[in-house]
Amino acid sequence: MQINFEHNQSAHCESGTASNLLRHHGLILSEPMIFGIGSGLFFGHFPFLKVNGIPGTTYRIFPGLIFSRTCKRLGIKMKKQTFRSETKAMEELDRILEKGMPVGLLTSVYYLPYLPAALRFHFNAHNIVVYGKRDGNYLVSDPVMETITEIAPEDLQRARFAKGALAPRGKMYYPIFVPKEINLKQSIVDGIRRTAVDMTSIPVPLIGVRGIRFLAKRIAAYPEKLSVRKSSLYLGNIVRMQEEIGTGGAGFRFLFAAFLQESSSILNQNWLMDLSKEVTETGDKWRDFAYDAARICKDRATTGESYEKLSSMMLECANREEKIFTKLKKISL
Amino acid sequence: MEKDKVPQEDSNILEGKVKMLKYAVDENGNYTKVSSVGWEPETIVLSLAWDEIHEKIEAVRIRVLANEISPIAYYIEKEMLDIKLLSQYVGYFSFQVKRHLKPSIFKKLSQKQLEKYAKAFQITTEQLLDITLENK
């Protein structure tokens, strides 16, 4: 049993899976388009949410939201299921595949054997599409991979039922209704507006532009407050979240810039093109930050000066993004 | 980022299994997809995270070999779990798993209990009893 499924590699797993799944149902939207409509861009730094003792930083919206927002804005209906029983979860997957439908699955990266070992951390919100079976193995379209791949049923079952934070509980999803006509323009405007609001107007100091400034201040204080080892671990994590595979680099800024560029011609609004350029420039600034930060991590630098410099680089990103998103907030059709 | 500036610094940390997809602008300022084999800063921070994990594994390995703590502790680090997470996989309470970390109590575990742990760690019970057999 095999479904004719077109696999496209993507920079980010959630928008990539959504793009691939919807294409199969006749709705052709690029990965940046989905990322933008689903308001994927975000910033948050949570010192109290620690993973392995390191505070969490995110450059994207929480897992699952890109998907649900995209579906809501475009009028797509998805069937979503989670399971208590592992056997039932695998049976249901087979049943839907039998009907000729590719299925999106939530998995843990740690239990996907086809990925390189260096990327296999316990991260429970990785999206893949399974679209058939061959010789007892499942055929997988993993948006991170260049080509399609296969996975053994017991490995897939394990990955679907990983435990811990954000446990997938066998979650599977597939579109049951995709409208023939979508209101793309309005969806783009809604998507951009939501991102702009998330980045500038939420009165919590940990998220959006405020969050970036908050983190910048903390970085400046790292050499005073933390040991050399801890400082470089904390800093390393900030860069990893920004640049690691599946993030598209520069904390999704380039993905968002690509989305603005595409939107500019769809909405026929040239100013979005200029803003796309500004976002690209800001993305480059984030990359400069990553470059310097990684150096400091490697050298285990102890001088407060280098951390001061990093802090000011990040503040510059915050200032740029504040300007960009204040402008974007005013978008209308 | 311009297309020709997309870094191609292969460090072999990804074993050549994956190339990453990046979005970059071409000569005309249009966004396009470019494959990248890696970027040094990414490699640095990724290796740093792994070094930290490997140090922890090594530290606990020595303690297990000295019989200060049971092999379960070693495999917890090896599989990057913690007591709470492991307790969910094996179906015991955390305090039970904590007890099983003591070598004297670990010795008394039944075959059935050992199998549960071995399954959670994806190893055989022989490997669970003797960490030097571990070959993953």
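For every chain, the first residue of the written sequence is number 1, and numbering continues from 1 along that sequence. The order in which chains are written sets their letters, starting at A; the order in which ligands are written sets their numbers, starting at 1. Thresholds applied to this predicted model are a pLDDT of at least 70 for local features of residues and 80 or more for the giving and counting of side-chain atom pairs; totals over whole chains, interfaces and linings are not thresholded and use all residues. Hydrogens and water are ignored here; the side-chain numbers use all heavy atoms of the structure.

### Details of the overall build of chain A
Here comes step 1: When helices and strands are counted, chain A shows 11 helices and 8 strands.
Here comes step 2: Each principal axis of the C-alpha atoms in chain A carries an extent, and together these give about 60 × 45 × 30 Å.
Here comes step 3: Categorising residues by exposure relies on relative accessible area from a 1.4 Å probe, with only protein chains included: less than 20% of the type maximum marks a residue as buried, more than 50% marks it as exposed, and the intermediate range marks it as partly exposed. Residues classed as buried in chain A amount to 59% of the 333 residues present.
Here comes step 4: Methods summary: accessible areas were calculated by the Shrake-Rupley approach with a probe of 1.4 Å, and residue burial reflects only the protein chains presented. When the accessible surface of chain A is summed, it comes to about 13,400 Å², and 52% of that surface belongs to carbon and sulfur atoms.
Here comes step 5: For this count, His and the chain ends are skipped, Lys and Arg are scored as positive, and Asp and Glu as negative. To locate a charge, the coordinates of NZ of Lys, CZ of Arg, CG of Asp or CD of Glu are taken. Computed over 46 positive and 33 negative side-chain charges, the inter-centroid distance for chain A is 7 Å. The way it works is that DSSP assigns letters per residue, a run of H or I at least four long becomes a helix, a run of E at least two long becomes a strand, and they are numbered from the N terminus.

### Side note on the side chain of A:Q261
Here comes step 1: Within the fold, A:Q261 resides in helix α9 (residues 253–267).
Here comes step 2: Classification of A:Q261 as buried rests on a relative accessible area of 11%.
Here comes step 3: Residues are treated as being in contact if the distance between any of their heavy atoms lies within 4.5 Å. Non-local contacts of A:Q261, meaning those with residues more than four positions away in its chain, are made with A:M273, A:S276, B:G29, B:N30 and B:Y31.

### Examining the packing of aromatic side chains
Two measures describe an aromatic ring pair: the distance that separates the ring centres and the angle between the ring planes.
Here comes step 1: Each Phe, Tyr or Trp ring (for Trp, its six-membered ring) is paired with any other whose centre lies within 6.5 Å, and the angle between the two planes then decides the class: stacked below 30 degrees, edge-to-face above 60, tilted in between. For the structure on display, the rule yields 22 aromatic pairs over all chains.
Here comes step 2: Taking 5.3 Å as the distance between ring centres and 25° as the angle between the ring planes, the aromatic pair formed by A:F35 and A:F252 counts as stacked. You can see A:F35 sitting in helix α2 (residues 31–37) and its partner A:F252 sitting in the loop between α8 (228–243) and α9, a full 217 residues away along the chain.
Here comes step 3: With a relative accessible area of 1%, A:F252 lands in the buried category.
Here comes step 4: Taking 6.4 Å as the distance between ring centres and 65° as the angle between the ring planes, the aromatic pair formed by A:Y111 and B:Y89 counts as edge-to-face.

### Details of the interface of chain B and chain A
Here comes step 1: At the junction of the two partners, chain B supplies 40 residues and chain A supplies 53 residues.
Here comes step 2: A simple way to read buried area is as the amount of 1.4 Å-probe accessible surface that goes missing from two parts once joined, with both sides added. When chain B packs against chain A, the two sides together hide about 4,100 Å² of surface, and 59% of this comes from carbon and sulfur.
Here comes step 3: We count a salt bridge whenever a side-chain nitrogen from Lys or Arg sits within 4 Å of a carboxyl oxygen from Asp or Glu. On inspection of chain B and its partner chain A, the count reaches 3 salt bridges.
Here comes step 4: Salt-bridge contacts for A:R295 lead to B:E40; the nearest nitrogen and oxygen are separated by 3.1 Å.
Here comes step 5: Contributions of two or more residues to the side of chain B that touches chain A are made by β1 (20–25), β2 (31–36), α1 (40–65), α3 (83–90) and α6 (111–121) of chain B.
Here comes step 6: Its residues assigned to classes, the side of chain B that touches chain A shows 23 nonpolar, 5 polar and 12 charged. As a working rule, the residues Ala, Val, Leu, Ile, Met, Phe, Trp, Tyr, Cys and Pro are called nonpolar, Asp, Glu, Lys and Arg charged, and the rest polar, with Gly in that last group.

### Things to note about the layout of surface pockets
Here comes step 1: In this analysis the probe radius is 1.4 Å and the grid spacing 1 Å, with only protein atoms considered; a cavity is a set of points the probe fits into but cannot get out of, a pocket is an open set with protein on both sides within 12 Å along at least five of seven lines, and lining residues have an atom within 4 Å of a point. Grid points are joined across faces, edges and corners, and a volume is the space filled by probe spheres set on the points. Space inside the second largest pocket adds up to approximately 490 Å³.
Here comes step 2: If you trace the second largest pocket, you find 18 residues lining it, with A:Y110, A:A117, A:R120, B:K78 and B:E79 closest to the centre.
Here comes step 3: Looking at the lining of the second largest pocket, the elements with two or more residues in it are α5 (153–160) of chain A together with α1 of chain B.
Here comes step 4: Per-element tally for the lining of the second largest pocket: the top contributor is α1(B), with 4 residues.

### Regarding the nonpolar core
Here comes step 1: Residues belong to a common nonpolar core when they are buried Ala, Val, Leu, Ile, Met, Phe, Trp, Tyr or Cys residues joined through side-chain atoms within 4.5 Å. Formed by 89 residues in total, the largest nonpolar core has its most connected members in A:I219, A:M314 and A:L328.
Here comes step 2: If you tally residues by element for this core, the top one is helix α10 (residues 271–299) of chain A, at 10 residues.
Here comes step 3: Not counting residues within four places of it along the chain, the set of residues in contact with A:M314 comprises A:Y59, A:I212, A:L215, A:A216, A:I219, A:I238, A:W286 and A:F289.
Here comes step 4: Grouped together as the second largest cluster of nonpolar side chains are 67 residues, A:L105, B:V18, B:M80 and B:Y92 included.

### Focus on unusual backbone geometry
Here comes step 1: Phi is positive for A:S39, which is not a glycine, with a value near 50°.
Here comes step 2: Relative to the helices and strands, A:S39 is located in the loop between α2 and β1 (41–51).
Here comes step 3: Here B:Q122, not a glycine, exhibits a phi torsion of approximately 60°, which is positive.
Here comes step 4: Looking at the element boundaries, B:Q122 is found in the loop between α6 and α7 (125–129).

### Structural notes on the domain arrangement of chain A
All names here are of chain A.
Here comes step 1: Under the domain assignment, chain A is made up of domain 1 (13–37 + 77–177) and domain 2 (184–328).
Here comes step 2: Each of domain 1 and domain 2 has a C-alpha centre, and the two are 29 Å apart.
Here comes step 3: Tallying the contact residues gives 13 residues for domain 1 and 16 residues for domain 2.
Here comes step 4: Here domain 1 packs against domain 2, burying approximately 1,100 Å² in sum over the two surfaces, 79% of which is carbon and sulfur. The split of the chain into domains comes from an automatic or database domain assignment.

### Section: the pairing of strand β2 (residues 54–60) of chain A
Here comes step 1: Of all the 7 residues making up β2(A), 7 are buried; the element is thus mostly covered by neighbouring parts of the structure.
Here comes step 2: In this structure, the hairpin formed by β1(A) and β2(A) is closed by a connection of 2 residues, where A:N52 is found at a positive phi of approximately 50°. Any two strands are treated as partners once DSSP identifies two or more bridges connecting them.

### Digging into the pattern of salt bridges
Residue and element names in this part refer to chain A.
Here comes step 1: According to the stated counting rule, one finds 20 salt bridges over all chains in the structure shown.
Here comes step 2: Among the ionic pairs, E150 bridges to R134, the shortest N-O distance being 2.9 Å. Within this pair, whereas E150 is found in strand β7 (residues 149–151), its partner R134 is found in strand β5 (residues 126–134), the two being separated by 16 residues in sequence.
Here comes step 3: We note a salt bridge from R320 to E281, for which the minimum N-O separation is 3.6 Å. Of this pair, R320 sits in helix α11 (residues 304–328) while E281 is found in helix α10, placing the two residues 39 residues apart along the sequence.

### Considerations on the side chain of A:R23
Residues and elements named next belong to chain A.
Here comes step 1: In this fold, R23 is placed in helix α1 (residues 13–24).
Here comes step 2: The charged side chain of R23 is buried without a salt bridge, its nearest counter-charge being E6 at 4.2 Å.
Here comes step 3: Non-local contacts of R23, meaning those with residues more than four positions away in its chain, are made with E6, N8 and I28.

### Considering the environment of A:I54
Residue and element names in this part refer to chain A.
Here comes step 1: By secondary structure assignment, the location of I54 is in strand β2.
Here comes step 2: Taking the C-alpha atoms as reference points, I54 and E86, 32 residues apart in sequence, are found 32 Å from one another.
Here comes step 3: Leaving out residues up to four positions away in the same chain, I54 has contacts with L49, L233, Y234 and N237.

### So, the packing of α1(A) against helix α3 (residues 65–74) of chain A
Residues and elements named next belong to chain A.
Here comes step 1: Angles here are taken between N-to-C directions and fall from 0 to 180 degrees, while the axes themselves are lines fitted to C-alpha atoms, restricted in helices to the stretch in contact. Where α1 meets α3, the axes come as close as 9 Å, and the angle between the chain directions of the two elements is 40°. The pairing of α1 with α3 is recorded here as oblique in orientation. In terms of crossing hand, the pair formed by α1 and α3 is right-handed. Residue-level inspection shows E14, A18 and L21 of α1 in contact with α3, the latter providing L65, I66 and F67.
Here comes step 2: Class assignment of the residues belonging to the contact of α1 with α3 gives a composition of 5 nonpolar, no polar and 1 charged. Here is the rule for angles: anything less than 35 degrees is roughly parallel, anything more than 145 is roughly antiparallel, 65 through 115 is roughly perpendicular, and the remaining ranges are oblique. Handedness of a crossing is defined here by the sense of rotation of the near helix relative to the far one, left-handed for an anticlockwise turn of less than a right angle and right-handed for a clockwise turn.

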